[in-house]
Amino acid sequence: EPEVTQTPSHQVTQMGQEVILRCVPISNHLYFYWYRQILGQKVEFLVSFYNNEISEKSEIFDDQFSVERPDGSNFTLKIRSTKLEDSAMYFCASKDKSNYGYTFGSGTRLTVV
Amino acid sequence: GEDVEQSLFLSVREGDSSVINCTYTDSSSTYLYWYKQEPGAGLQLLTYIFSNMDMKQDQRLTVLLNKKDKHLSLRIADTQTGDSAIYFCAEPIYNQGGKLIFGQGTELSVKP
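What comes next concerns the included structure. (Residues numbered from 1 in each chain as written. Chains lettered and ligands numbered in written order. Predicted model: local features only at pLDDT ≥ 70, side-chain atom pairs only at ≥ 80, totals over all residues. Heavy atoms only, no water.)

1. Describing unusual backbone geometry
As a reminder of what qualifies: Under the DSSP-based scheme used, a helix requires at least four consecutive residues in state H or I and a strand at least two consecutive residues in state E, with every element numbered from the N terminus.
Looking along the chain, the bond that leaves Thr7(A) and enters Pro8(A) is cis, with omega of -10°. The residue Pro8(A) is located in the loop between β1 (5-7) and β2 (10-13) in this model. In this structure, Gln59(B) is a non-glycine residue whose phi angle is positive, near 55°. Relative to the assigned elements, Gln59(B) resides in the loop between β6 (55-58) and β7 (61-66).

Written as structure tokens, this is what we have:
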């Protein structure tokens, strides 16, 4: 069964450093998403991406965050200058053109020290 | 506003049935979802229900949908210790890029 692949599975970074979280969505999917889950809390929407542009972003997704689909297969989330409160599990998801076909990756655990 | 509500904890004995409840907000949602998250793991799609259905059964899982009250429930029959996990209900918001809004998650604890 097709999967959404996220790398790395765990990243530790120093406060103020830039990080790039990588995702390879399912190849024929059209809609791409990033979510985050702070430890013990709910899964929060960050951003949706369709047709090579952001279709919606949440209040969390401020100027420190950016997304890219650089080569038609990867979908990346960049955090420019990490803060302690960015420590969380980050999930990538993709969806086909139907209204139900969401698939999530296994997540990247980001720890900012 | 967009808010999906769930109770936070449920504790049952092995072999009992578990019922996890959820209320959602967007009456235009075509599908509603249940995800399972085991400790330290990702989000596993457990089941979903199409909004024109009242009930969907899938082996030990039964999903009930009350559209009038915007209430969704997940029943797990013959609950096993391996069912211990956090269960999230989620609704899509189609006019906003199709993002999923998740509830807070219900932590199910199954005691032997």
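There is more to say, and it comes next.
2. Some details on the state of the cysteines
Disulfide: a covalent bond formed between the sulfur atoms of two cysteine residues. Residue and element names in this part refer to chain A. So the rule is basically this: Note on terminology: disulfide denotes any pair of cysteine sulfur atoms within 2.5 Å. Throughout, exposure labels follow a simple rule: accessible area from a 1.4 Å probe, protein chains only, divided by the maximum for the residue type, with under 20% read as buried, over 50% as exposed, and the rest as partly exposed.
Overall, the coordinates contain two disulfides over all chains when judged by the stated rule. Across the disulfide, cysteine 23 is cross-linked to cysteine 92 (sulfur-sulfur distance 1.9 Å). Handedness here is read from the sign of the S-S torsion; for cysteine 23 and cysteine 92, about -65°, the answer is left-handed. Here the residue cysteine 23 occupies a position in strand β3 (residues 19-24), and cysteine 92 occupies one in strand β9 (residues 88-95), the gap between them amounting to 69 residues. Residue classification places cysteine 23 among the buried positions, given a relative accessible area of 0%.

3. Brief notes about the pattern of salt bridges
Stated formally: Within this document, salt bridges are pairs made up of a side-chain nitrogen of Lys or Arg and a carboxyl oxygen of Asp or Glu, the two lying within 4 Å of each other.
A complete count under the given rule lists five salt bridges over all chains for this structure. The salt bridge involving Lys99(B) is made with Glu56(A); its shortest N-O contact spans 2.9 Å. Taken as a pair, Lys99(B) in strand β10 (residues 99-102) and Glu56(A) in strand β6 (residues 53-57) lie in two separate chains rather than in one. For Glu56(A), a relative accessible area of 17% corresponds to the buried category.

4. Considering the interface of chain A and chain B
Accessible area lost when the parts come together is the quantity often used to give the size of an interface. We count it as follows: The criterion used for residue contact is that any of the two residues' heavy atoms lie within 4.5 Å. Defined here as a combined quantity, buried area equals the accessible surface (1.4 Å probe) lost by two parts on assembly, summed across both. Polar contact criterion, stated in full: a pair of N or O atoms within 3.5 Å, where within protein one must be able to donate a hydrogen and the other to accept it, and residues adjacent in sequence count only if both atoms are side-chain atoms. For this classification, Asp, Glu, Lys and Arg are treated as charged, while Ala, Val, Leu, Ile, Met, Phe, Trp, Tyr, Cys and Pro are nonpolar and the rest, including Gly, are polar.
At the interface, 18 residues of chain A touch 22 residues of chain B. Taking both sides of the interface into account, the surface hidden between chain A and chain B amounts to around 1,700 Å²; carbon and sulfur atoms contribute 57%. On the surface where chain A and chain B come into contact, there are one salt bridge. Linking chain A to chain B there are six residue pairs in polar contact (both at pLDDT 80 or more). Put simply, the parts of the chain that give the side of chain A that touches chain B at least two residues each are β4 (31-37), β5 (43-50), β6, β9 and β10 (102-104) of chain A. Partitioned by chemical class, the residues of the side of chain A that touches chain B number 10 nonpolar, five polar and three charged.

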